[in-house]
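Secondary and tertiary structure notes
What follows is each chain in one-letter form.
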Amino acid sequence: MEARRELGKSGIHVSAIIMGMWQAGKEMWAGIDDQETHRALRAAFDAGINAFDTAEMYGNGHSERMLAAVTADIRGQVIYMTKVFSNHLKYEQVIAACHRSLKNLKTDYIDLYQIHWPSGAWGSRPVPIEETMRALNDLKSQGKIRAIGVSNFSRAQIEDAARFGTIDSLQPPYSLFWRQVEKDALPACTASGITVLAYSPMAQGILAGRFGARPAFAEGDHRKGHRLFQADIYPRVQAALERLRPIAGRNGVTLGQLALGWVIHHSGVCAIAGAR
């Protein structure tokens, strides 16, 4: 694994590839086994990955608890990243959510605490960003979190949040197939020194070449409803993969490695790769 990358201006250094823990929560996925998650986490650490991204809503804390159980003996060597959901953005709710995550993670500090979705998302009641940032700043001054990040924010929303505190990271969907962030937030993040933590860099398995002409999903797997798998888009997805395979072959890498390499080739961008 290559040298670490600084998370914004926080002084926290993370691996270019970060392990995503959404699947570990089990909800919205199928066939997830805790023992396999355990082995995947340790394999990631052994391969040089030092940062793990989770959230309070991933299995109602199950993902956070799994991370704690597997990495308790190496806590000082790993970076915990977690998130507060959009329905917990009032001052008191942020504080309470952080304390729950600290308990789940069995730690007295969270390295990167992120706003998972902007206020108002997913039917949540709007909360002024100033109020949410005040809570995050207080947690930071108390040493309970080391850095503040945002996820799924637009450029305008990042700029609004940054009026009230230091934002060290943005977590958007970003891959060869999802590139909207290039038109909006990425240039601003690059200019401001905000690290981009790209989630779904392999387009939820598509760019790993895991699906054939007719993708099939087990009951409970949220991906069957995703836009890229729909009948009007999926043939174009397959055509694009056929053009990418020779490129991967010429470079002696898998499709998944090519997809991850393309993401982290961008300055100031890390890739959050889900695994089971």
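Quick look at the structure, then. Everything numeric here is computed off the predicted structure, so don't read it as measured data.

For the rest of this paragraph, the subject is the packing of helix 1 (residues 34–46) against helix 2 (residues 62–71). For the pair helix 1 and helix 2, the least separation of the axes is 10 Å and the interaxial angle reads 55°. On the basis of the axis angle, helix 1 is oblique to helix 2. Crossing geometry of helix 1 relative to helix 2 is assigned as right-handed. Residue-level inspection shows Asp34, Thr37, His38, Leu41 and Arg42 of helix 1 in contact with helix 2, the latter providing His62, Met66, Leu67, Val70 and Thr71. For the contact of helix 1 with helix 2, the residue count by class is four nonpolar, four polar and two charged.

Each aromatic ring pair is described using two quantities: the centre-to-centre distance and the angle formed by the ring planes. A full pass over the atoms with the stated rule returns three aromatic pairs. Ring geometry for Trp117 versus Trp122: centroids 5.4 Å apart, planes at 90°, classification edge-to-face. Since its relative accessible area comes to 62%, Trp122 is described here as exposed. Over the ring of Tyr80 we find Arg75; its NZ or CZ atom is 3.9 Å from the centre of that ring. Between the NZ or CZ atom of Arg75 and the centre of the ring of Tyr109, over which it lies, the distance is 4.1 Å.

Strand order in the closed barrel formed by eight strands is 3-4-5-6-7-8-9-10, with parallel pairing between adjacent strands. Each strand of the sheet is rotated relative to its neighbour by a mean of 30°, with strand direction disregarded. Relative to strand 7 (residues 145–151), strand 6 (residues 110–115) runs parallel, the two sharing five bridges. By the bridge assignment, Ile110 is partnered in strand 7 with Ile145.

If you look at the biggest cluster of nonpolar residues, it comprises 75 residues, and the most contacted ones within it are Phe52, Tyr113, Leu136 and Leu170. For this core, the element with the most residues is helix 3 (residues 91–105), which contributes seven residues. Setting aside residues up to four positions removed in sequence, Phe52 forms contacts with Ile18, Met19, Leu41, Ala44, Phe45, Leu67, Val78, Ile79, Tyr80 and Met81. Ranked by size, the runner-up nonpolar core spans twelve residues in total, among them Ile18, Met81, Leu197 and Ile272.

The rules behind each value
- Residues numbered from 1 in each chain as written.
- Predicted model: local features only at pLDDT ≥ 70, side-chain atom pairs only at ≥ 80, totals over all residues.
- Heavy atoms only, no water.
- Axes fitted to C-alpha atoms, helices over the stretch in contact; angles between N-to-C directions.
- Helix = DSSP H or I, 4+ residues; strand = E, 2+ residues; numbered from the N terminus.
- Parallel < 35°, antiparallel > 145°, perpendicular 65-115°, else oblique.
- Left-handed = near helix turned anticlockwise from the far one by under 90°.
- Contact = heavy atoms within 4.5 Å.
- Nonpolar A, V, L, I, M, F, W, Y, C, P; charged D, E, K, R; others polar.
- Phe/Tyr/Trp six-rings, centres within 6.5 Å; stacked < 30°, edge-to-face > 60°.
- Buried < 20%, exposed > 50% of the residue type's maximum accessible area, 1.4 Å probe, protein only.
- Lys NZ or Arg CZ within 6 Å of the ring centre and 35° of its normal.
- Pairing = 2+ DSSP bridges.
- Core = buried A, V, L, I, M, F, W, Y, C linked by side-chain atoms within 4.5 Å.

The analysis is restricted to geometry; functional conclusions fall outside its scope.
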